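This is what each chain is made of:
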Amino acid sequence: MATYSPARRALLRMMGAILVLDLVAIAAFKLMHMDARPDRTRTTFVAAWTLVSALVAAWGLVGVRKARLAARRDRMQQRG
């Protein structure tokens, strides 16, 4: 198995979290028959889904940035 850098692992973890979130949201949308609900209900559901997706992406990007900064700091310390 390939070994990934901490930044790549953080990126893959974020992508996986968004994928799972979208799968759950799509399943909920279908199981709750959102297409047959009033426009306001459907819009509220999609808005909440979008907000949670944005929060997950922001959380993931913070993790990627932390990993990249830690790698940069390690490289600088190795140089002297």
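Please refer to the structure placed before this passage.
Note that residues are indexed from 1 along each chain, following the sequence as it is written. Given that this is a predicted model, residues contribute local features only at a pLDDT of at least 70 and side-chain atom pairs are listed and counted only at 80 or more, while totals for whole chains, interfaces and linings are drawn from all residues. Note that the side-chain values use all heavy atoms of the structure and ignore hydrogens as well as water.

What follows covers unusual backbone geometry. In this model, H33 sits at a positive phi of 50 degrees, which is unusual for a non-glycine residue. A run of H or I in DSSP counts as a helix once it spans at least four residues, and a run of E counts as a strand once it spans at least two, with each numbered from the N terminus. Assignment of secondary structure puts H33 in the loop between α1 (6-31) and α2 (39-79). Residue exposure (1.4 Å probe, protein chains only): buried if accessible area is under 20% of the type maximum, exposed if over 50%, otherwise partly exposed. Residue class for H33 comes out exposed when judged on its relative accessible area of 52%.

Time to look at α1. An ideal rise of 1.5 Å per residue puts 38 Å on 26 residues; α1 measures up with 37 Å between its terminal C-alpha atoms. When α1 is considered as a whole, its buried residues turn out to be A7, A10, M14, L21, A25 and F29. Buried residues belonging to α1 abut α2. Each helix should span, by expectation, one fewer than its residue count multiplied by 1.5 Å. Contact between two residues is taken to exist if any of their heavy atoms lie within 4.5 Å; hydrogens are not considered.

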